[in-house]
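Examining the three-dimensional arrangement
Each chain is listed here by its residues.
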Amino acid sequence: MAIRETGIIRNKEQMRNWTRSMRAQGKTIGLVPTMGYLHQGHLSLIAEARKHAQLIVVSIYVNPGQFSANEDLSTYPSDFQGDIEKLQSTPDGVDVVFNPYNMYDYGEERERSGGKKREKEEGVVSCLEDERGGGFGHETWIRVEGLEKGMCGKSRPVFFRGVATVVAKLFNIIEPDVAVFGKKDYQQWRIIQRMVRDLDFAVKVIGSEMIRDKDGLAMSSRNVHLSPREREQALSISRSLFEAKKGKNICSELRRSVIESIEAAGGKIDYVEIVDQESLEAINDEEITRGGGGGVVICVAAWFGKVRLIDNMEIDVLQHS
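Here goes a summary of the coordinates provided.

Conventions and cut-offs
- Residues numbered from 1 in each chain as written.
- Predicted model: local features only at pLDDT ≥ 70, side-chain atom pairs only at ≥ 80, totals over all residues.
- Heavy atoms only, no water.
- Pairing = 2+ DSSP bridges.
- Helix = DSSP H or I, 4+ residues; strand = E, 2+ residues; numbered from the N terminus.
- Axes fitted to C-alpha atoms, helices over the stretch in contact; angles between N-to-C directions.
- Contact = heavy atoms within 4.5 Å.
- Core = buried A, V, L, I, M, F, W, Y, C linked by side-chain atoms within 4.5 Å.
- Buried < 20%, exposed > 50% of the residue type's maximum accessible area, 1.4 Å probe, protein only.
- Expected span 1.5 Å × (residues − 1).

All right, on to the sheet that holds strand E6 (residues 204–208) then. Sheet architecture is open: 6 strands sit in the order E1-E4-E3-E2-E5-E6, paired in parallel fashion. Of all strands in the sheet, those bounded by a partner on one side alone are strand E1 (7–9) and E6. Strand-to-strand, the axes of this sheet are offset by a mean angle of 25 degrees, without reference to chain direction. Relative to strand E3 (residues 55–60), strand E2 (residues 29–34) runs parallel, the two being bridged by 6 bridges. Bridge pairing in E3 places Thr34 opposite Ile60.

If you check the backbone angles, Glu175 has positive phi at about 50 degrees while not being a glycine. Among the structural elements, Glu175 can be located in the loop between helix H6 (159–174) and strand E5 (178–182). Of note in this structure, Leu280 is not a glycine but carries a positive phi near 60 degrees. Inspection of the secondary structure assignment puts Leu280 in the loop between strand E7 (268–276) and strand E8 (288–290).

Before going further, it helps to spend a moment on the sheet that holds strand E9 (residues 296–304). One open sheet accounts for 3 strands, arranged E7-E9-E10; its pairing is antiparallel. In this open sheet, the two strands that pair with only one neighbour each are E7 and strand E10 (307–315). Averaged over all adjacent pairs, the angle separating strand axes in this sheet is 10 degrees, with direction ignored. By the bridge criterion, 8 bridges tie E7 to E9 in an arrangement that is antiparallel. Note on E9: the bridge partner recorded for Lys268 is Trp303. Along the sheet face, helix H8 (residues 228–246) touches E9 and E10 and points at about 15 degrees away from the line of E10. Along the sheet, helix H9 (residues 251–264) contacts E7 and E9; its crossing angle with E7, the most-contacted strand, is approximately 155 degrees.

Another point: the nonpolar core. Ranked by size, the top nonpolar core spans 48 residues in total, and within it Phe171 and Met195 carry the most contacts. At 11 residues, H6 tops the list of elements feeding residues into this core. For Phe171, the contacting residues outside a window of four places in its chain are Leu31, Pro176, Ala179, Phe181, Ile192, Met195, Val196, Phe201 and Val203. Ranked by size, the runner-up nonpolar core spans 24 residues in total, among them Ile262, Ile274, Val300 and Phe304.

Over its 19 residues, H8 runs 28 Å from end to end, which matches the ideal 27 Å to within 8%, given 1.5 Å per residue. For H8, every residue scored as buried is listed here: Glu230, Gln233, Ala234, Leu235, Ser236, Ile237, Ser238, Ser240, Leu241 and Ala244.

Below you can see the structure in the form of structure tokens.
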């Protein structure tokens, strides 16, 4: 497999200048946003983006804006050199990796106003507030108010405002024609779609199908933190979802069967919800009949040890009755 050299850009203005120069040449740009520690699921997003754009930008940035105070940002897995090697080894490679040091660093504005610019060695600036004063902390957030309320939004109240805001920043910097998101993060994908619609971003948002390991576990950068025993237990999520897809047709029974399967394997449920695929509104205690109509999606979040895993299963041929 050929190794393709991949350009790395860390500066926001340089990134913007590169994409604008490419667009001036008539090239189309595809963006695949990631937080790094890439696996085959991420690479499948790149392959999907190649179908829709001539040039591909992959962003690698662990976004502090989506972590609350009780979530340890420092434990998120990272292997930047390994990520670059994986990207270079993909069949068509990628054209640019955008790896900013800090998307929320407004040092130039601070300098112009007489404040002190924070050096890289001092660590990531909090995007919730600038604790050392000066009035230059990040204050502007995007919220997709309806879609963010349920599921992951219940236990992670700042998560989706952080996601929507950093994606909007990426869109404004890179100005892609197409952006690809994995359907494993189903709620996130729908939130970004709605943000793009509501704020008139000139970006086509594509949802790419979930990639699973051979044993059925949904690929995730967090899987590395599972012990062998916890990984075996976590397979109860995908097994219960596949069983639910071919089994009962009453929402409450579907939910109960998934919950019982995961808990029996030792998992701790965060949520199991059956929701409309587009509105993400819960469908509770309604009989659903296979054979036509709109679709639903069964969404799951569960803990195995200290690892929180999410998964989902679309059921496209359902009719609520």
